Amino acid sequence: MDGLRERKKQETRIALSWAAIRLTVERGWDNVRIEDIAAEAGVSTRTFSNYFGSKGEAIVARHHDRARAIAEALRERPAGEPIWEAITQAALSGFALGVPVTEGLPPEQSWIEGLRLMVAEPALQGEFQKAGVAAEAEIAAVVADRTGTDAATDVYPRLVAGVVGTALSVIMQQWLITDPPRPMEELLRDVFGRLEAGLPEPR
């Protein structure tokens, strides 16, 4: 029963986050209320408040969930696997959570433009920053475990986590600005392949 309850709570959290993203993309930041998000997800505003303190938190929750999934996937990679190969595979697994598009179809231009506006919304920047810090801490802890270093005192795990966080941000930005969007797997392999190679200069 506890497992079922936790699964239902997670499903509600995800539904609220996707509803917040979808409505903000379609209507714009200023035209979405918490009441609208709750109604879209089929719950009460009180239920929304049990999960999130603001619509910004709800939107950014998927970003944080994806980073957490990458950290968990990295923890499960084979111990002897080279670090950047492990990170690439973990990122591919984490992005299986999906990007905010509908029904797996190629996104329409209006949807992409709405996403660009949402991601650039000044009111969301603080939430994205908080999620990024938390995500990097989780990834640093896993990298430390894999490399026998200390995430609190050694530079390596924190440096890798910072690079991964920046890479994921660049991947998402590149996906948004490319018309039509490049396949996410292609972008991931491109970016992390460059990092694995030592980030050589383009020829």
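Residues numbered from 1 in each chain as written. Predicted model: local features only at pLDDT ≥ 70, side-chain atom pairs only at ≥ 80, totals over all residues. Heavy atoms only, no water.

Per an unreviewed UniProt entry, the protein is named TetR family transcriptional regulator, and its organism is Amycolatopsis iheyensis.

A. Region of interest: the confidence of the model for the protein. This prediction gives the protein a mean pLDDT of 89; 93% of its residues lie at or above 70. Contacts for the low-pLDDT stretch residues 100-105, under 50 throughout, to residues beyond four places or in other chains number eight contacts. (pLDDT = per-residue confidence, 0-100. Contact = heavy atoms within 4.5 Å.)

B. Region of interest: unusual backbone geometry. At Leu 199, a residue that is not glycine, the phi angle is positive and equals roughly 55 degrees. Residue position: Leu 199 is located in the segment after helix H9 (184-196). Assessed through its relative accessible area of 57%, Leu 199 is described here as exposed. (Helix = DSSP H or I, 4+ residues; strand = E, 2+ residues; numbered from the N terminus. Buried < 20%, exposed > 50% of the residue type's maximum accessible area, 1.4 Å probe, protein only.)

C. A look at the side chain of Asp 65. Within the secondary structure, Asp 65 sits in helix H4 (residues 55-76). Looking at Asp 65, its side chain comes within polar contact range of the side chain of Arg 13, at 2.6 Å. Of note is the side chain of Asp 65, whose polar atom sits 2.9 Å from the side chain of Arg 62. (Polar contact = N/O pair within 3.5 Å; in protein donor to acceptor, adjacent residues only side chain to side chain.)

D. Focus on the UniProt feature "domain: HTH tetR-type" (unreviewed entry) in the protein. As annotated by UniProt and renumbered to match this structure, "domain: HTH tetR-type" (unreviewed entry) occupies residues 10-70. Regarding residues 10-70, the helix share stands at 80% and the strand share at 0%, and the terminal C-alpha atoms are separated by 17 Å. (UniProt positions renumbered as here; feature names shortened; annotations may be inferred.)

E. Molecular detail of the UniProt feature "DNA-binding region" (unreviewed entry) in the protein. Here the UniProt-annotated "DNA-binding region" (unreviewed entry) positions come out as residues 33-52. Measuring from the first to the last C-alpha atom of residues 33-52 gives 13 Å, for a span that is 75% helix and 0% strand.

F. The arrangement of the side chain of Thr 88 in detail. Along the polypeptide, Thr 88 turns up in helix H5 (residues 83-94). In contact with Thr 88, not counting residues within four places along its chain, are Arg 189 and Phe 192.

G. Inspection of the packing of aromatic side chains at higher detail. As enumerated under the stated definition, the model contains two aromatic pairs in all. Note on Phe 48 and Phe 52: the rings are 5.8 Å apart at their centroids and 55 degrees apart in plane angle, and the pair reads as tilted. Both residues of the pair, Phe 48 and Phe 52, count as buried. The lysine or arginine in question, Lys 55, covers the ring of Trp 29, its NZ or CZ lying 4.2 Å from the ring centre. (Phe/Tyr/Trp six-rings, centres within 6.5 Å; stacked < 30°, edge-to-face > 60°. Lys NZ or Arg CZ within 6 Å of the ring centre and 35° of its normal.)

H. Looking closely at a nonpolar patch on the surface. Nonpolar side chains collect at one region of the surface, where Val 155, Tyr 156 and Leu 159 lie side by side and expose about 290 Å² of accessible area between them. Residue position: Leu 159 is located in helix H8 (residues 155-177). (Patch = residues over 30% accessible without salt bridge, like charges linked within 9 Å, V, L, I, M, F, W, Y side chains within 5 Å. Areas by Shrake-Rupley, 256 points an atom, 1.4 Å probe, with all protein chains shown as cover. Salt bridge = Lys/Arg side-chain N within 4 Å of Asp/Glu carboxyl O.)

I. A look at the pattern of salt bridges. Applying the stated criterion to the full structure yields 15 salt bridges. Across the salt bridge formed by Glu 127 and Lys 130, the nearest N and O atoms sit 3.5 Å from each other. With Glu 127 and Lys 130 both in helix H7 (residues 122-147) and three residues apart, this pair spans about one turn of that helix. A salt bridge links Arg 182 to Glu 186, with the nearest nitrogen and oxygen atoms 2.7 Å apart. Overall, Arg 182 belongs to the partly exposed group, its relative accessible area being 23%.

J. View of the packing of H4 against H5. It is at 8 Å that the axes of H4 and H5 come closest, and there the two elements cross at 135 degrees. Looking at the two axes, H4 sits oblique to H5. Considering only the axes of H4 and H5, their crossing is right-handed. On the side of H4, the interface is formed by Arg 66, Ala 69, Ile 70, Ala 73 and Leu 74, while H5 contributes Ala 86, Ile 87, Ala 90, Ala 91, Ser 93 and Gly 94. (Axes fitted to C-alpha atoms, helices over the stretch in contact; angles between N-to-C directions. Parallel < 35°, antiparallel > 145°, perpendicular 65-115°, else oblique. Left-handed = near helix turned anticlockwise from the far one by under 90°.)

K. Fine view of the environment of Ala 131. The residue Ala 131 is located in helix H7 in this model. Sequence separation between Ala 131 and Val 160 is 29 residues, and the spatial gap between their C-alpha atoms is 17 Å. Apart from the residues lying within four places of it in its own chain, the contact partners of Ala 131 are Val 60, His 63 and His 64.

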